[in-house]
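Here are the chains, one letter per residue:
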Amino acid sequence: MRFAGRMSLAVIVALAFAAPASAKQTVKIGAALSMTGPAAAYGANQKVGIQAAVEEINKSGALKDVVLEAVIEDDASTKEQGIAVFQRFINKDRVAAIIGPTLSNTAYATNPLAQQAKVPVVAVSNTAPKGITDIGDYIWRVSLTEGQVIPGALKTLQGKLGFKKAGVLYGNDDAFTQAGYTVMKSALADLKIEVVAEQTFAKPDRDYNAQLTSLLALKPDILVVSALIENASGIVAQARQLGWTGPIFGGNGFNNPVLIKNAGPAAEGVYVGTAWNRSSTDEANTKFLASMKARGVDPDQFATQAYVGVLVVAEAIKQAGNKGGRDDIKAGFAKVMSLSTPLGKFSFLPNRDGDHTPAVQVVKDGKFQILQ
Ligand code: 1QQ
């Protein structure tokens, strides 16, 4: 009896150490980011934002026993690779939620797979207004669409610069550049700005002299361009080489420091509508900037939106009672309301698109600066 009694005490002690009352639960978030291909400049910054947010949330203990783990894969800026990554996330890694893919063009092909498998997706950089969250109730979006940013940005700029005639140039082989062009065209019409002519290019193009020469011959007051970053920097540099000193307005593709790195002084006077007001003195933004500085990172809009994507997933887990299943997260998204983020107070609209205040920035003295 005495022996058995001692044994059971030993067992109890062992159990107490082996099975702590609060077991950690790892929740995997898959991130399909363009680390290679024409959108690689965005993907690199998105990766930094995701890693920083995951580290900070885990360290803060805000999710109690839930530990976030980011699984980051390269979607190669293509539909084919995006599909392969989504399949792996859904069936092999069995992630609880997916962030990405980087391009709208890829999202059209990947997101139906997640919708069908009932895996929640948070878009952090897709800005084509139509056909993303429309895919279904598992698809949510943090990134403001071109439709939410461009009309207001052009209106603000018209008020400041007083332009009356625009030359329009856009990529005709990408869902985002085409959608951006559609938004630009209707915003220009609403503002009664005459479009002197429209020209197109394709992603592999590197010489835009013919298109720019014919646009400039028609004497516009502003160039309005929908392009991904590699084309954007070439277009800006070549427009300046052709003697264009006037304003250039770019869509979301321009929101990346590679524009300034590649185009150099030619980028001065480029205006872009942006989802992130880097100059905001809100506490969430100030803290974010300080944390990024401590990491030696100079964030851009894409890093910030990706960071907020993780914050939103974490908030959804919290709203679901610290549960990290696929349907818990999806149900939690619906309860994310006025969340404090570096993008401002963030909520989802009834159609699952994001809602917060955009800004306008200009390249001045070699950096993006918010237009006051
Ligand atoms: C999209 C975009 C790109 C410019 C950035 C990733 O906004 O594809 O929707």
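Here, the structure is the one placed above.
What comes next concerns the included structure.

**Let's talk about the pattern of salt bridges**
Okay, so step 1: According to the stated counting rule, one finds 9 salt bridges in the structure shown.
Okay, so step 2: Between Arg 88 and Glu 73 there is a salt bridge; the shortest N-O distance is 3.0 Å. Residue Arg 88 is found in helix α3 (residues 79-92), and its partner Glu 73 is found in strand β2 (residues 66-74); the two are separated by 15 residues along the sequence.
Okay, so step 3: With a relative accessible area of 23%, Glu 73 lands in the partly exposed category.
Okay, so step 4: The closest approach of N and O atoms between Lys 203 and Asp 174, which form a salt bridge, is 2.9 Å. Residue Lys 203 is found in the loop between β7 (194-201) and α7 (209-217), and its partner Asp 174 is found in the loop between β6 (165-171) and α6 (175-190); the two are separated by 29 residues along the sequence.

**Structural notes on the site of the ligand**
Okay, so step 1: If you check the shell around the ligand, you find 13 residues, and the closest are Ser 104, Ser 125, Thr 127, Phe 176 and Asn 252.
Okay, so step 2: Between an oxygen atom of the ligand and a main-chain N or O atom of Ser 125, the distance comes to 3.0 Å.
Okay, so step 3: Bound to the protein, the ligand loses 100% of the 280 Å² it would expose on its own.
Okay, so step 4: Composition of the shell around the ligand by domain shows at least three residues from each of domain 1 (25-144 + 280-356) and domain 2 (147-274).

**Some words on unusual backbone geometry**
The phi angle of most residues is negative, glycine excepted, and most peptide bonds adopt the trans form.
Okay, so step 1: With an omega of -10 degrees, the peptide bond between Gly 100 and Pro 101 qualifies as cis.
Okay, so step 2: Within the secondary structure, Pro 101 sits in the loop between β3 (97-99) and α4 (104-117).
Okay, so step 3: In the Ramachandran plot, Ser 338 falls in the positive-phi region, its phi being about 50 degrees despite a non-glycine side chain.
Okay, so step 4: Relative to the helices and strands, Ser 338 resides in the loop between α12 (326-333) and β11 (339-341).
Okay, so step 5: Among the residues examined, Ser 338 registers a relative accessible area of 44% and is labelled partly exposed.

**Quick word on the sheet that holds strand β9 (residues 248-250)**
Okay, so step 1: Read across the sheet, 7 strands follow the order β7-β6-β8-β9-β10-β14-β15 without closing on themselves; strand pairing throughout is mixed. The open sheet is flanked by β7 and β15 (367-370), the only strands paired with a single partner. Neighbour to neighbour, the strand axes of the sheet diverge by 25 degrees on average, direction disregarded.
Okay, so step 2: Of the strand pairs in this sheet, β6 and β7 are connected by 7 bridges, and their pairing is parallel. For Gly 167, the partnering residue across the bridge sits in β7 and is Ala 197.
Okay, so step 3: Seen against the sheet, α6 touches β6, β7, β8 (222-226) and β9 and runs at an angle of roughly 145 degrees to β8.

**Details of the environment of Phe 254**
Okay, so step 1: With respect to the secondary-structure elements, Phe 254 resides in the loop between β9 and α9 (258-263).
Okay, so step 2: For Phe 254, a relative accessible area of 0% puts it in the buried group.
Okay, so step 3: Separated by 16 residues in the primary sequence, Phe 254 and Val 270 place their C-alpha atoms 8.8 Å from one another.
Okay, so step 4: Once you skip the residues sitting within four places of it in the chain, Phe 254 turns out to touch Val 225, Ala 227, Ala 232, Val 236, Ile 248, Leu 259, Val 270, Val 272 and Phe 368.

**Considerations on helix α11 (residues 301-319)**
The periodicity of an α-helix, 3.6 residues per turn, causes residues three or four places apart in sequence to face the same way.
Okay, so step 1: In a regular helix each residue adds 1.5 Å, so 19 residues correspond to 27 Å; α11 covers 26 Å between its end C-alpha atoms and thus fits that length.
Okay, so step 2: Two or three places before Phe 302, at the start of α11, stands the capping residue Asp 300, its side-chain oxygen 3.1 Å from that residue's backbone nitrogen.
Okay, so step 3: Where α11 ends, the next residue or the one after it, Gly 321, has phi of about 80 degrees, a positive value.

**A closer look at the packing of aromatic side chains**
Between two aromatic rings, the relevant description is the distance of the centres plus the angle of the planes.
Okay, so step 1: As enumerated under the stated definition, the model contains 9 aromatic pairs in all.
Okay, so step 2: Taking the centre distance of 4.9 Å and the plane angle of 70 degrees together, the rings of Trp 140 and Phe 348 count as edge-to-face. Separated by 208 residues along the polypeptide, Trp 140 in strand β5 (residues 139-141) and Phe 348 in strand β12 (residues 344-348) bring together distant segments of the chain.
Okay, so step 3: On the basis of an interplanar angle of 10 degrees and a centroid distance of 3.7 Å, the ring pair of Tyr 170 and Tyr 181 is categorised as stacked. Taken together, the residues Tyr 170 in strand β6 and Tyr 181 in helix α6 connect sequence positions 11 residues apart.

**Re the nonpolar core**
Okay, so step 1: Formed by 39 residues in total, the largest nonpolar core has its most connected members in Leu 68, Val 312, Ile 329 and Phe 333.
Okay, so step 2: Ignoring sequence-local partners within four residues, the contact set of Phe 333 consists of Pro 120, Val 122, Trp 140, Val 312, Val 313, Ala 316 and Phe 348.
Okay, so step 3: Among the nonpolar cores identified, the runner-up in size contains 35 residues, and Leu 169, Phe 176, Ala 239 and Val 258 belong to it.

**Quick word on empty space enclosed by the protein**
Okay, so step 1: Enumeration according to the criterion identifies 2 cavities of 30 Å³ or more in this entry.
Okay, so step 2: Roughly 80 Å³ of volume is contained in the largest cavity.
Okay, so step 3: Tyr 42, Thr 102, Leu 103, Ser 104, Ser 125, Asn 126, Thr 127, Phe 176, Leu 228, Asn 252, Gly 253 and Phe 302 are the residues that line the largest cavity.
Okay, so step 4: Of the residues that constitute the lining of the largest cavity, the class distribution is 5 nonpolar, 7 polar and no charged.
Okay, so step 5: In this structure, the lining of the largest cavity is formed jointly by two domains, domain 1 (25-144 + 280-356) and domain 2 (147-274), each of which donates at least three residues.
Okay, so step 6: In this model, the second largest cavity occupies a volume close to 50 Å³.
Okay, so step 7: In terms of lining residues, the second largest cavity is bounded by Thr 127, Leu 144, Thr 145, Glu 146, Val 149, Asn 252, Asn 255, Gly 273, Thr 274, Ala 275, Gln 301 and Gln 305.
Okay, so step 8: Elements with a contribution of two residues or more to the lining of the second largest cavity: α5 (146-161), β10 (270-274) and α11.

What counts as what
- Residues numbered from 1 in each chain as written.
- Predicted model: local features only at pLDDT ≥ 70, side-chain atom pairs only at ≥ 80, totals over all residues.
- Heavy atoms only, no water.
- Salt bridge = Lys/Arg side-chain N within 4 Å of Asp/Glu carboxyl O.
- Helix = DSSP H or I, 4+ residues; strand = E, 2+ residues; numbered from the N terminus.
- Buried < 20%, exposed > 50% of the residue type's maximum accessible area, 1.4 Å probe, protein only.
- Near = heavy atom within 4 Å.
- Polar contact = N/O pair within 3.5 Å; in protein donor to acceptor, adjacent residues only side chain to side chain.
- Areas by Shrake-Rupley, 256 points an atom, 1.4 Å probe, with all protein chains shown as cover.
- Domains from an automatic or database assignment.
- Pairing = 2+ DSSP bridges.
- Axes fitted to C-alpha atoms, helices over the stretch in contact; angles between N-to-C directions.
- Contact = heavy atoms within 4.5 Å.
- Expected span 1.5 Å × (residues − 1).
- Phe/Tyr/Trp six-rings, centres within 6.5 Å; stacked < 30°, edge-to-face > 60°.
- Core = buried A, V, L, I, M, F, W, Y, C linked by side-chain atoms within 4.5 Å.
- 1 Å grid on protein atoms, 1.4 Å probe; cavity = no way out; pocket = protein on both sides within 12 Å on 5 of 7 lines; lining within 4 Å.
- Points joined across faces, edges and corners; volume = space filled by probe spheres on them.
- Nonpolar A, V, L, I, M, F, W, Y, C, P; charged D, E, K, R; others polar.

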